[in-house]
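Structure assessment
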Amino acid sequence: MPKPIAIHGIPMDIGQMRRGVDMGASAIRYAGLQSRLTNLGWHVTDMGNIRIPDTVDHTHDELSNAHNSAAVAAIAHHAYTAMQQTITNQQIALFLGGDHSCAIGTLAASITRPGRTGVVWVDAHADFNTPTTSPSGSVHGMVVSTVMGMCPPPLRIGTSTLNADQIIMIAIRDLDRDERIALRQSGITVYTMRDIDEHGMATIMRRTLHQLEDVESIHVSFDMDSLDPSVAPGVGTPVSGGLSIREAHLIMEFLHDSQKVAALDLVEVNPILDQFNRTAELAVDLTCSLFGQRIL
Ligand SMILES: [Mn+2]
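Residues numbered from 1 in each chain as written. Predicted model: local features only at pLDDT ≥ 70, side-chain atom pairs only at ≥ 80, totals over all residues. Heavy atoms only, no water.

Summed over all chains, the structure comprises 1 aromatic pair. A ring pair is formed by Trp42 and Phe291, whose centres lie 5.3 Å apart and whose planes are at 80 degrees; its orientation type is edge-to-face. Taken together, the residues span a long stretch of sequence, with Trp42 in the loop between helix H2 (33–39) and strand S2 (44–49) and Phe291 in the segment after helix H10 (278–290) at a distance of 249 residues. A single burial state applies to Trp42 and to Phe291, both of which are buried. (Phe/Tyr/Trp six-rings, centres within 6.5 Å; stacked < 30°, edge-to-face > 60°. Helix = DSSP H or I, 4+ residues; strand = E, 2+ residues; numbered from the N terminus. Buried < 20%, exposed > 50% of the residue type's maximum accessible area, 1.4 Å probe, protein only.)

Structure below.
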């Protein structure tokens, strides 16, 4: 029997500057996520949304150059608890963002799971800034560094930290100056768009699964801005030169083949910038590939 899937919405947008991604969870649900997964044979429970305060509470200590850091951390704590709950309940976790900063909590909890966890980070960005290097001060650009323990409190959730050799990044194409230097030195495996162009996605995914051979579970953190804006216009931070629809599906199909997927963050859908919900519909299609939908 496959494990059941638990969906949690995290309708937050305070980890970045452009409003609208807080509606991403609704758009993905509206695109038929639950029924599509049910039709694939999964037992799916929608746990509703993690409660997000209507206004940002600035009374707590904040980091300089990390906007809303205390409020983001508070939400990340709730995401952490939700992820831990799915581990206890032996469910597969599906988180609907919201901006990517919600993954600060989900990843921090994933690495507390017994057995080794690998993270596949699919994103135009590395989200590897710190308050010191970030040009914008947006926390959604500091997710990986936070989970690796490189940022000061309140950007520190839980007690475990993610190691560089547990992370594989795919579709990267937009790095800030100091972020690029730090990423090069980090030891994280990074497959840029150039690597994908040169070697093809199948080769990249075979290498990815080979590297993750010794992990027991895989946490997929999927930013919809990894796709090219021509096919996914409704995202928080669009960057041209991204994944094709088929390249993105192939990532998901290979990850399904591994039979190790334990969690998915599906983030940064922005319905305000979308066309007739096509980005959310694509997010649902890709999720179905991750959970076993096959062409033939
Ligand atoms: Mn991201």
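Moving on from the coordinates now.
Octahedral metals with six donors have ideal donor angles of 90 or 180 degrees. Tetrahedral metals with four donors have an ideal donor angle of 109.5 degrees. Ligation of the manganese ion by protein atoms is provided by His100 (ND1), Asp123 (OD), Asp127 (OD) and Asp223 (OD), these donors lying 2.1 to 2.3 Å from the ion. Sequence positions of the residues that donate to the manganese ion give the spacing H-x22-D-x3-D-x95-D. In this pair, Asp127 is assigned in the loop between strand S4 (117–122) and helix H5 (143–147) and Asp223 in strand S7 (residues 217–223), connecting sequence segments 96 residues apart. Overall, Asp127 belongs to the buried group, its relative accessible area being 5%. On the basis of relative accessibility, which here comes to 2%, the residue Asp223 falls in the buried class. (Donors = N, O, S within 2.8 Å, 3.2 Å for Na, K, Ca; no water.)

We now examine a nonpolar patch on the surface. A contiguous nonpolar surface patch, about 260 Å² in accessible area, is contributed by Met23, Ile272 and Leu273. As for its placement among the helices and strands, Leu273 is situated in the loop between strand S8 (261–267) and H10. For Leu273, a relative accessible area of 31% gives the class partly exposed. (Patch = residues over 30% accessible without salt bridge, like charges linked within 9 Å, V, L, I, M, F, W, Y side chains within 5 Å. Areas by Shrake-Rupley, 256 points an atom, 1.4 Å probe, with all protein chains shown as cover. Salt bridge = Lys/Arg side-chain N within 4 Å of Asp/Glu carboxyl O.)

Strands sit in the order S2-S1-S3-S8-S7-S4-S5-S6 across an open sheet of 8 strands; the sheet is parallel. In the strand order of this sheet, the two ends are held by S2 and strand S6 (189–192), each with one partner. Neighbour-to-neighbour, the strand axes of the sheet open up by a mean angle of 15 degrees, direction not taken into account. Where S4 lies against strand S5 (residues 167–172), 4 bridges are found, and the strand directions are parallel. Within S5, the residue paired with Val122 across the bridge is Ile170. Here helix H8 (residues 201–211) sits on the sheet and contacts S4, S5 and S6; the angle it forms with S5, its principal contact strand, is near 165 degrees. The sheet strands contacting H10 are strand S3 (92–97), S7 and S8, and the helix crosses S8 at an angle near 170 degrees. (Pairing = 2+ DSSP bridges. Axes fitted to C-alpha atoms, helices over the stretch in contact; angles between N-to-C directions. Contact = heavy atoms within 4.5 Å.)

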